[in-house]
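Residue-level listing of the chains:
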Amino acid sequence: MTKYAIHTKWSWPNGVPSAETMQARHRDLRSKTTAEDIIWFKIDENTHQSVIIFSSEEDAQEENAKRQAMRKQTIEETGHSLVEETMGPILSIMSEA
């Protein structure tokens, strides 16, 4: 089974939250997702990107509705917006090569 990745880019009108805030969100999210890992990284003061890694496309699709509902709620709370989203099967992971 091929692992699957989702890449997103987000815009924050009032600035990207602190690393501490983002880590707190990850701690809360950990028990609510089947993702193997989620990585958030800062691009500039108002932009962050993320990579979500799932064990399979099926896992990613099964969690999609829950992810969309969670996004809707957090967007309403913070005012940030989704700029771009791409997804597809992972071809290679260096740590697993």
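Refer to the structure printed above.
A few points on the structure.

Thresholds, definitions, all that
Residues numbered from 1 in each chain as written. Predicted model: local features only at pLDDT ≥ 70, side-chain atom pairs only at ≥ 80, totals over all residues. Heavy atoms only, no water. Core = buried A, V, L, I, M, F, W, Y, C linked by side-chain atoms within 4.5 Å. Buried < 20%, exposed > 50% of the residue type's maximum accessible area, 1.4 Å probe, protein only. Helix = DSSP H or I, 4+ residues; strand = E, 2+ residues; numbered from the N terminus. Contact = heavy atoms within 4.5 Å. Salt bridge = Lys/Arg side-chain N within 4 Å of Asp/Glu carboxyl O. Pairing = 2+ DSSP bridges. Axes fitted to C-alpha atoms, helices over the stretch in contact; angles between N-to-C directions.

**Considerations on the nonpolar core**
No. 1: Core analysis: the biggest nonpolar cluster contains 8 residues, these being Tyr4, Ile6, Leu29, Ala35, Ile38, Ile52, Phe54 and Ala60.
No. 2: Counting residues per element, the ones that place at least two in this core are β1 (4–11) and β3 (47–54).
No. 3: Contact partners of Ala60, with chain neighbours within four places excluded, come to Tyr4, Ile6, Phe54 and Arg67.

**Re the pattern of salt bridges**
No. 1: Summed over all chains, the structure comprises 5 salt bridges.
No. 2: For Glu36, the salt bridge identified is with Lys3, shortest N-O distance 2.9 Å. On the criterion of sequence distance, the pair formed by Glu36 in the loop between α1 (19–30) and β2 (37–44) and Lys3 in the segment before β1 is long-range, its members being 33 residues apart.
No. 3: Under the relative-accessibility criterion, Glu36 is labelled partly exposed at 40%.
No. 4: In this structure, Glu45 and Lys42 form a salt bridge, with 3.4 Å as the shortest nitrogen-oxygen distance.
No. 5: Under the relative-accessibility criterion, Glu45 is labelled exposed at 54%.

**Re the sheet that holds strand β4 (residues 81–89)**
No. 1: Strand order in the open sheet formed by 4 strands is β2-β3-β1-β4, with antiparallel pairing between adjacent strands. At either margin of the open sheet sits one strand with a lone partner, and together these are β2 and β4. The average angle at which neighbouring strand axes cross in this sheet is 15°, direction not considered.
No. 2: When β2 meets β3, the two strands line up antiparallel, connected through 7 bridges. Across the sheet, residue Asp44 finds its bridge partner in β3, namely Thr47.
No. 3: Packing of α1 onto the sheet brings it into contact with β2 and β3, and relative to β2 it is tilted by some 160°.

**Quick look at the environment of Thr34**
No. 1: As for its position among the elements, Thr34 is in the loop between α1 and β2.
No. 2: Separated by 21 residues in sequence, Thr34 and Ser55 have C-alpha atoms that sit 8.3 Å apart.

**Digging into the side chain of Gln49**
No. 1: Here Gln49 lies in strand β3.
No. 2: Residues contacting Gln49, with those up to four places away along its chain left out, are His7, Thr8, Lys9, Ile39, Trp40, Phe41 and Ile43.

**Concerning the pairing of β1**
No. 1: Looking at chain direction, β1 and β3 are connected through 8 bridges and run antiparallel. The residue of β3 that forms the bridge with Tyr4 is Phe54.
No. 2: As judged from the 8 bridges shared by β1 and β4, these two strands associate in the antiparallel manner. Residue pairing for β4: Ser11 is matched across the bridge by Ser81.

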